[in-house]
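Coordinate inspection notes
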Amino acid sequence: MVSSTPIPYPAPVGGASLLLTFKGPRNTILIIGGDIQAASRAFAALEAGMQVIILTRGLVCDELRWRADQRQVNLTDWGILPSASTSLIPSASDTKADTESLSAFLTENPSISLVCITTHTVDTPALARICHAHNIPVNVTDLPALCDFSFAATHRFVDPSTGGQSALQVGVTTNGEGCRLAGRVKREIVSALPKDVAGAVRQIGKLRFLAKNTDDEAAECEEGEDSSAATPNRPVPGWRSSTAESKDESSRRRMKWVAQVSEYWPIPRLASMSEDDMKLILSGDSPQTTSLYSIQPQDESSLHDLTLVPPPKKGHLVLSDKLVPAAVLALIPKTVEVRIARKFPGNAEGAQSEMMDAAVEAARRGLTVVRLKQGDPVVYGRGGEEVLFFRAHGFEPLVVPGVSSALAAPIFAGIPVTQRGVAESVVVCTGVGRQGKEVKLPGYERSRTVLVLMGVARIAQVVGAMVRNDNGSGEGLQSGEGRREGRPYPRNTPIAIIERGSMPDQRVVASTLGDICEALDSAGEQRPPGMMVVGWSVLALQGTGDTSVLAEGEERDEERIRKWLGEGRWVTREGIDQGWAEV
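A quick note: this is a predicted structure, and the numbers were derived from the prediction, not measured.

Taken together, five strands build an open sheet; the order of strands is β3-β2-β1-β4-β5 and the sheet is parallel. Looking along the sheet, the strands with just one partner apiece sit at the ends: β3 (74-77) and β5 (138-140). Here the average twist between neighbouring strands, direction ignored, is 20°. Where strand β1 (residues 28-32) lies against strand β2 (residues 51-56), five bridges are found, and the strand directions are parallel. Note that in β2 the partner of L30 across the bridge is I53.

The structure is reproduced here in structure tokens:
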């Protein structure tokens, strides 16, 4: 048998672009040309806050003249440059003169960081070479071979509440394969997004402003929602509103809570936040009125054209967990008040108590209260403690069972939790205990699938506990001490991380226990919520399938892994099966 060494990292595949954003007065763009295209490029640069210089020979469109009169752009005639030619049809000597004059102009204006040529002449390639010689990226309209960068098909969203331009933009590029199609794809993306998405961006911006300590920008940079942390669910100590905090600690906590709101709350809810709502979110205090942090769902149909009509009672209140998708919340009639749990890092216990107290208070007022959860309410959903709490306060709740993500998400990812010849049993466990405490994980059994919920943010600790041989004998923790009960897992045991299972942006990162941490890091920003599937069932249905795991034993495991992963050490799959779009 010929063995091959797996490729340690994904091989780069050419044909893509490095997508960046440029903004601010420190950047100056030089646009060579005076036509409508030059005006379009100038307008885009002005909206980004850049300085704009227009260099043209005689012909200037009305818009650029107007912007020059308004002192929005600096309009420079090529003819006044030293050594520049004055001919409209340059000869070889003219081309040499123009390139020399452009080179001198770039030297005299070191702030120029980008050049865009919209008007073509015979000396256009020579002008592009001068830009390259000055290490300045250049874009030449309709001549991609001369371009260092290109302009994406972009859309800037209008804020419906103000009618003005918002901070939200989207851009699409086909990297030269279909510019017209890029425009169409952009339009379809824009039409598919909620109509109030720009308002959500505006309100999150305000929330960020309130969350930051204005004299302590370092806190935001290090621990803010846009930091290098791959997950917004990084474990943090428990927090209560009575906890004494320094200014720095308060800023860090608030920015983490902003990240949670941004990640989980429905777009309509974000767009409708008032300043009182924002202050309440960041304070962690309990609401004093029923209006705070409640939502009124929009006039949207669900994915399956379902409607939710509660029984006729005096009033209604839905207390929703933050993981409930917006499409489910859209089923709720607009007359029903909806509140979303503020279960942010360090605040889970306080938020849980807040929701249970709110339910009892509303029930005492004669309202019909729905405690809405994702999945099954008693599979790590804290449904049991809520039943006992409501019962102790004189209310016997009706518990409606659900489909747990522990069982549904794996099959959305093409993974059976049990499979004849591969997995004969399944264990569901959590990666973190109450108030962030460590929990004991099950030991390795070849015929068993282990499903770990709420552990992806702590994946390094979870994997470490699984593979660690604590007593040095190779048998693991037979006594049950430590973080694992039973034998250690082989490092080549398959594992899959399923993020946002069943949603259109579902992602599956699959590898072995030995490589999964690096694989998840390489995938970029995490997409909570996520779960882990550990065991040989992960590869049972992949490709042609493998249902001989138990019959053949461990001897062929390395071969199985190579067949499954190919030349790499992990695989990443995006989205759900297209067939779901037709259901």
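Let's pick the thread back up.
Right, let's talk about the pairing of strand β7 (residues 165-172) for a bit. When strand β6 (residues 153-158) meets β7, the two strands line up antiparallel, connected through five bridges. For V158, the partnering residue across the bridge sits in β7 and is Q165. Counting the residues in the hairpin turn of β6 and β7 gives six residues, including G163, whose phi is positive at 80°.

What follows covers unusual backbone geometry. Cis peptide bonds are those with omega within 30 degrees of zero, and the linkage from P528 to P529 qualifies with 0°. Of note, P529 is situated in the loop between α16 (516-522) and β18 (530-534). A positive phi angle, near 60°, is found at R71, a position not held by glycine. With respect to the helices and strands, R71 occurs in the loop between α2 (62-69) and β3. One non-glycine residue, R382, lies in the positive phi region at around 65°. Counting through the fold element by element, R382 comes out in the loop between β11 (368-372) and α13 (383-392).

Residues spaced three or four apart along an α-helix face the same direction, because each turn holds 3.6 residues. Listed in full, the buried residues belonging to helix α14 (residues 405-412) are A406, A409 and P410. Along the long axis of α14, the arc covered by the buried residues comes to 100°, so they all point the same way. Buried residues along α14 sit against β12 (425-430), β14 (448-453), β16 (494-499) and β18. Between the side-chain oxygen at the start of α14 and the backbone nitrogen of A406 there is a gap of 3.1 Å, and the oxygen is on S404. G414, located one to two residues past α14, shows a positive phi value of around 80°.

Evaluated as defined, the whole model comprises four aromatic pairs. Geometrically, the ring pair formed by F149 and F151 is edge-to-face, given 5.6 Å between the ring centres and 65° between the ring planes. The aromatic ring of F151 is capped on one face by R41, whose charged end is 3.9 Å from the ring centroid.

It is worth spelling out a nonpolar patch on the surface at this point. A grouping of V378, V379, Y380, V399, V426, V428 and M454 is seen on the molecular surface, where their side chains present a nonpolar patch of about 540 Å² in accessible area. Within the secondary structure, V426 is located in strand β12.

A few words on the confidence of the model for the protein chain. Overall, the prediction assigns the protein chain a mean pLDDT of 83, with 83% of residues at 70 or greater. Per-element averaging of pLDDT across the protein chain places helix α7 (residues 217-223) at the bottom with 40 and β16 at the top with 97. pLDDT under 50 marks residues 85-91. Its contacts with residues more than four places away, or in other chains, come to eleven contacts. Contacts for the low-pLDDT stretch residues 214-225, under 50 throughout, to residues beyond four places or in other chains number 24 contacts.

A few words on the nonpolar core. One recurring pattern in soluble globular proteins: nonpolar side chains tend to sit buried together. M466, I497, L513, I516, M532 and V534 are the most contacted members of the largest nonpolar core, which has 46 residues in total. Counting only elements with at least two residues in this core, the list comes to α14, β14, α15 (459-467), β16, β17 (507-512), α16, β18 and α18 (557-565). When residues in this core are grouped by element, the largest group, six residues, is from α15. Among the nonpolar cores identified, the runner-up in size contains 25 residues, and M273, I332, F344 and L372 belong to it.

So, on to the side chain of Q203. Positionally, Q203 belongs in helix α6 (residues 197-211). A relative accessible area of 5% places Q203 in the buried class. Residues within four places of Q203 in sequence aside, it is in contact with L270, A271, M273 and M278.

So, on to the sheet that holds β12. Across the sheet, six strands lie side by side as β12-β14-β18-β16-β17-β19; this open sheet has mixed pairing. The open sheet has two free edges, formed respectively by β12 and β19 (571-574), since each of these has just one partner strand. Taken pair by pair, the neighbouring strands of this sheet meet at an average axis angle of 15°, ignoring direction. Relative to β18, β14 runs antiparallel, the two sharing four bridges. Paired with V452 across the strands is M532, a residue of β18. Here α15 sits on the sheet and contacts β14, β16 and β18; the angle it forms with β18, its principal contact strand, is near 15°.

Analysis parameters
- Residues numbered from 1 in each chain as written.
- Predicted model: local features only at pLDDT ≥ 70, side-chain atom pairs only at ≥ 80, totals over all residues.
- Heavy atoms only, no water.
- Pairing = 2+ DSSP bridges.
- Helix = DSSP H or I, 4+ residues; strand = E, 2+ residues; numbered from the N terminus.
- Axes fitted to C-alpha atoms, helices over the stretch in contact; angles between N-to-C directions.
- Buried < 20%, exposed > 50% of the residue type's maximum accessible area, 1.4 Å probe, protein only.
- Arc of directions from axis to C-beta.
- Contact = heavy atoms within 4.5 Å.
- Polar contact = N/O pair within 3.5 Å; in protein donor to acceptor, adjacent residues only side chain to side chain.
- Phe/Tyr/Trp six-rings, centres within 6.5 Å; stacked < 30°, edge-to-face > 60°.
- Lys NZ or Arg CZ within 6 Å of the ring centre and 35° of its normal.
- Patch = residues over 30% accessible without salt bridge, like charges linked within 9 Å, V, L, I, M, F, W, Y side chains within 5 Å.
- Areas by Shrake-Rupley, 256 points an atom, 1.4 Å probe, with all protein chains shown as cover.
- Salt bridge = Lys/Arg side-chain N within 4 Å of Asp/Glu carboxyl O.
- pLDDT = per-residue confidence, 0-100.
- Core = buried A, V, L, I, M, F, W, Y, C linked by side-chain atoms within 4.5 Å.

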